[in-house]
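Here are the chains, one letter per residue:
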Amino acid sequence: MEKILLITKYNDKTAEEVVRDILNNFSNAIQKIIKNRRSNHASFFISDEYDVQDILYVILKSIFPNLREEDPIPKVGSKSTKIDLILREERILIEVKMIKESDSNEIKAIDQLKIDFESYHECKWLDKLFCFVYDPNKKTKDIVSFKDLNGNRTKGNHNFNIEIIVVN
C-alpha cells in the first residue's frame, strides 16, 4: 500500500508560504503575551531561543499536526546538531536563533548558522531551510549579513534552499 503524504494547504498557500507568513508575523503575534496581558496575569518573558522555539512550536503545531522538534542530525566530523522544528512531509526545517540582550551584534548568530548549514545536508529529504532570527533588542547592525546567507546550498547530490527571516 502506498503511503500518502499530507501536504498542508491554507487559503491556497503552500506549506512554505504559511511558514514564511507565521515567521514574518511572529513579533506582532506575541504582543498579546509579552505586553498586553490581562490584569493580574504576568507577562511572558522571552529570554532565549528555547522560549522562541516553544512559542513557534505551539503556533505551527496548530496548523501542521505532524510538526516535530529537536531531532538530532548524524554527526558531521565531531559536531552534532539538533534540528529545532521539523516539517518532514513538507520537506521543511526551521532553525531558531535569538540575539539576546548580552549579545553586542548579530555576528555570533551568523557564525552559528554557517556551521549548522553543513550538518543539514545529512537530511537528504530537505528542500527548504528557514532560519528564524528573533532580535527583540535590535542588536542587528547589518541585516545584509543575514540576507547574504540566503540561497541554494549544494553538497554532492543534495541541494536545499535557505531563507533567513530576521524580526524584532
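Below: a short report on this structure. Residue positions are counted from 1 within each chain, in the order its sequence is given. This being a predicted model, a pLDDT of at least 70 is required before a residue's local features are given, and a value of 80 or more before pairs of side-chain atoms are given or counted; all residues contribute to the totals for chains, interfaces and linings. Each side-chain value is worked out from all heavy atoms of the structure, with water and hydrogens disregarded.

1. A look at the overall build of the protein
(1) Moving on: A tally of helices and strands in the protein yields six helices and six strands.
(2) Moving on: Think of it this way: any DSSP run of H or I at least four residues long counts as a helix, any run of E at least two long counts as a strand, and we number them from the N terminus. If you list the helices and strands of the protein from N to C, you get α-α-α-α-β-β-β-α-β-α-β-β.
(3) Moving on: Every one of the 168 residues in the protein was classed for burial, and the buried ones make up 40%.
(4) Moving on: The Shrake-Rupley method, run with a 1.4 Å probe, gives the accessible areas here. Residue values count only the displayed protein chains as cover. About 9,800 Å² of surface is accessible on the protein, with carbon and sulfur atoms providing 48% of the total. The classification of residues rests on relative accessible area computed with a 1.4 Å probe and restricted to protein chains. Under 20% of the type maximum is buried, over 50% is exposed, and intermediate values are partly exposed.

2. Description of the packing of aromatic side chains
(1) Moving on: Here the aromatic set is Phe, Tyr and Trp, taking the six-membered ring for Trp, and pairing holds for ring centres within 6.5 Å; pairs whose planes are under 30 degrees apart are stacked, those over 60 apart are edge-to-face, and all others are tilted. Under the counting rule described, the total for this entry stands at two aromatic pairs.
(2) Moving on: Each ring, one from Phe26 and one from Phe132, has its centre 5.2 Å from the other, and the planes form 70°; the classification is edge-to-face. On the criterion of sequence distance, the pair formed by Phe26 in helix α2 (residues 26-29) and Phe132 in strand β4 (residues 128-134) is long-range, its members being 106 residues apart.
(3) Moving on: We classify Phe132 as buried; its relative accessible area is 0%.
(4) Moving on: Where Phe26 meets Tyr134, the ring centres are 5.3 Å apart and the plane angle is 80°; that geometry is what we call edge-to-face. Note that Phe26 is positioned in helix α2 and Tyr134 in strand β4, a separation of 108 residues in sequence.
(5) Moving on: Tyr134 sits in the buried class, given a relative accessible area of 5%.
(6) Moving on: Three or more aromatic residues joined by ring pairs form one cluster here, namely Phe26, Phe132 and Tyr134.
(7) Moving on: When the NZ atom of lysine or the CZ atom of arginine is within 6 Å of a ring's centre and also within 35 degrees of its normal, the charge is said to sit over that ring. For the cation-ring pair, Lys128 lies above Phe130, with the distance from its terminal atom to the ring centre recorded as 5.3 Å.

3. Observations regarding the environment of Lys100
(1) Moving on: Structurally, Lys100 is set in the loop between β3 (92-98) and α5 (107-119).
(2) Moving on: C-alpha separation for the pair Lys100 and Ile46, spaced 54 residues apart in sequence, amounts to 9.6 Å.
(3) Moving on: Lys100 has contacts with Ser47, Asp48, Asn137 and Lys139, leaving out every residue within four places of it along the chain. Note on contacts: a residue pair is in contact if any heavy atoms of the two residues lie within 4.5 Å.

4. With respect to helix α4 (residues 49-63)
Residue pairs spaced three or four apart in an α-helix point in one direction, given the helix's 3.6 residues per turn.
(1) Moving on: To estimate the expected span of a helix, subtract one from its residue number and multiply by 1.5 Å. Across its 15 residues, α4 extends 21 Å between first and last C-alpha, which sits within 8% of the 21 Å expected from 1.5 Å per residue.
(2) Moving on: Those residues of α4 that fall on the buried side of the exposure criterion are Glu49, Asp51, Val52, Gln53, Ile55, Leu56 and Leu60.
(3) Moving on: For the purposes of these results, a polar contact is taken to be a pair of N or O atoms within 3.5 Å, where, inside protein, one atom must be able to donate a hydrogen and its partner to accept one; residues adjacent in sequence count only when each atom of the pair is a side-chain atom. For α4, the capping residue at the N-terminal end is Asp48, with a side-chain oxygen 3.0 Å from the backbone nitrogen of Tyr50.

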